[in-house]
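These are the residues of each chain, in order.
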Amino acid sequence: MKVTEHLKAAKSTLFSIEILPPLKGKSIQSIYEGIDPLMEFKPSFVDVTYHREEYIYKKREGGYLEKVSIRKRPGTVGICAAIMNRYHVDAVPHIICGGFTKEETESALIDLHFLGIDNVLLLRGDSIKSEPAFIPEPNGHAYAIDLVRQVGEMNQARYLHEDINDMAPTNFCVGVAGYPEKHFEAPNMGSDLKYLKQKVDAGAEYIVTQMFFDNSKYFAFVEKCREAGIKVPIIPGLKIMTGKKQLLGLPKIFKIDVPEALADEVEKCETDAQVREVGIEWCIQQSKELMAANVPCLHFYTMGSSEVTRRVASQVF
Ligand code: FAD
């Protein structure tokens, strides 16, 4: 089922999760161990992130350094197929521009279509750590909207370089990302919303937000989106704080604010176990307020901590 069909059929706020593929060489068992405890809350869909290659330097004989390209977390498509097969829950692979040519994207989408995976979350991806800004692949896409357009073409049975009749259309439901605290590269919120609206006008059917810890930012974002003419469902993304390091790490990586009240509570903690309790309580309150406002779905960034997600879900679903 498509994400939008789940949202339309819902009588109350849905539950969904995002997981990361395991590190290369690790077993898929870790994925199942993360999802099993959350199945009692009947996730409507499970997103699986995509991680592009990174470059590392390996020391070789004679002392010279070789630049090597590695993918630390491969397996997104395989994990999606495994999840659908094992749990009969819809999987949503993330597809990114970074590192892909248009042809490679097309091949990945054909694989997904053949596997019966009809949902995709389309993203630009971040720059490689060694690059100061995002550089598209030669013959690749520069922005998420270009991916939305490519999928739109395939949904109309138009493939790259082919102009013969009788092509089978794909049937993808497309989600895109939105940023309640603005995407860090956008010069201002107005500009970010303009491009978000373009993604929706190009065919995106729903938006999933970046994590936020202050619900007022989400509510203000939804209001601004509606004013800008963006009418699709906007699913809030939630992360539970689980360690003291995240107080500095999350704002640095995801360019978001941690509200003073939460930061003060975390700073008082002496152990990460105490931080987890603070994080769980904060997220329960966030979730309850969002559900009271009838948000379509609560989408949890589990980031390898399904136990804390289970604790929150058990209090709100
Ligand atoms: P875009 O929509 O392309 O926007 C990028 C920036 O360019 C924005 O500042 C926007 O305002 C601007 N912009 C957009 N269009 C134009 C245009 N035509 N001209 C000029 N400027 C423009 N990353 C991964 O690598 N893998 C994942 O699995 C992943 N999952 C994510 C899931 C969610 C829900 C979210 C919120 C983020 C995720 N990310 C992931 C991170 C994401 O790739 C980064 O935030 C990336 O920097 C931006 O992606 P985007 O799709 O929002 O980009």
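Preceding block: the structure.
Computed from a prediction, not measured in an experiment: that's the story for all the values here.

Peer 1: Can you break down the overall build of the chain residue by residue, with the values?
Peer 2: Looking only at helices and strands, the chain features 11 helices and 10 strands. Against the globule reference of 20 Å for 317 residues, the chain gives a C-alpha radius of gyration of 20 Å, in line with a compact fold. Expressed as lengths along the three principal axes of its C-alpha atoms, the size of the chain is roughly 60 × 60 × 45 Å. The buried share of the chain, taken over its 317 residues, is 48%.

Peer 1: Could you give me a rundown of the packing of aromatic side chains, with the residues and numbers involved?
Peer 2: Applying the stated criterion across every chain, the model contains 7 aromatic pairs. Taking 6.2 Å as the distance between ring centres and 70° as the angle between the ring planes, the aromatic pair formed by Tyr32 and Tyr87 counts as edge-to-face. Of this pair, Tyr32 sits in helix α2 (residues 29-35) while Tyr87 sits in helix α3 (residues 76-87), and the two are 55 residues apart along the sequence. The same class applies to Tyr32 as to Tyr87, namely buried. Relative to Tyr218, the ring of Phe212 has its centre 5.4 Å away and its plane inclined at 15°; by these criteria the two rings are stacked.

Peer 1: Pulling in residues and values, what's your account of the environment of Asp192?
Peer 2: Tracing the backbone through its elements, the reader meets Asp192 in helix α6 (residues 189-201). Overall, Asp192 belongs to the buried group, its relative accessible area being 15%. Between the alpha carbons of Asp192 and Gly178 there is a distance of 8.6 Å; along the sequence they are 14 residues apart. Here Asp192 is in contact with Tyr179, Lys182, His183 and Ala186, once residues within four sequence places are set aside. Side-chain polar atoms of Asp192 contact the backbone nitrogen of His183, separated by 2.7 Å.

Peer 1: So what about the sheet that holds strand β2 (residues 45-48)? Which residues, and what values?
Peer 2: Pairing between the strands of a sheet comes from backbone hydrogen bonds, and it takes one of two forms, parallel or antiparallel. Reading around the barrel, the 8 strands line up as β1-β2-β5-β6-β7-β8-β9-β10 and close back on themselves, with parallel pairing between neighbours. Taking the axes of each pair of neighbouring strands and ignoring which way they run, one obtains an average angle of 30° across the sheet. Sheet topology note: the strand β1 (residues 14-19)/β2 ladder contains 3 bridges and is parallel. Bridging from a neighbouring strand, Glu18 pairs with Asp47 of β2.

Peer 1: Please give an account of the site of the ligand that cites residues and values.
Peer 2: Near the ligand lie 23 residues; those nearest to it are Tyr50, Asp126, Tyr179, Asp192 and Lys199. At 2.7 Å, a backbone N or O of Tyr50 approaches a nitrogen atom of the ligand. Within the side chain of Tyr179, one N or O atom sits 2.7 Å away from an oxygen atom of the ligand. Within the residue set of the shell around the ligand, elements represented by two or more residues are β5 (90-96), β6 (119-123), α6 and β8 (206-211). A total of 3 residues in the shell around the ligand trace back to one element, the largest contributor, which is α6. Residue composition of the shell around the ligand, by class: 12 nonpolar, 5 polar and 6 charged.

Peer 1: Which residues make up α3, and what are the values?
Peer 2: Every α-helix winds through 3.6 residues per turn, so residues three or four apart in the chain are directed the same way. With 12 residues, α3 should reach 16 Å at 1.5 Å per residue; the first-to-last C-alpha distance of 16 Å fits that figure. What α3 keeps buried is the set Thr76, Ile79, Cys80, Ala82, Ile83, Met84 and Tyr87. Contacts made by the buried residues of α3 are with β1, α2, β2 and β5. Looking at the residues trailing α3, positive phi occurs at His88, about 55°.

Thresholds, definitions, all that
- Residues numbered from 1 in each chain as written.
- Predicted model: local features only at pLDDT ≥ 70, side-chain atom pairs only at ≥ 80, totals over all residues.
- Heavy atoms only, no water.
- Helix = DSSP H or I, 4+ residues; strand = E, 2+ residues; numbered from the N terminus.
- Rg over C-alpha atoms; globule rule 2.2 N^0.38 Å.
- Buried < 20%, exposed > 50% of the residue type's maximum accessible area, 1.4 Å probe, protein only.
- Phe/Tyr/Trp six-rings, centres within 6.5 Å; stacked < 30°, edge-to-face > 60°.
- Contact = heavy atoms within 4.5 Å.
- Polar contact = N/O pair within 3.5 Å; in protein donor to acceptor, adjacent residues only side chain to side chain.
- Pairing = 2+ DSSP bridges.
- Axes fitted to C-alpha atoms, helices over the stretch in contact; angles between N-to-C directions.
- Near = heavy atom within 4 Å.
- Nonpolar A, V, L, I, M, F, W, Y, C, P; charged D, E, K, R; others polar.
- Expected span 1.5 Å × (residues − 1).

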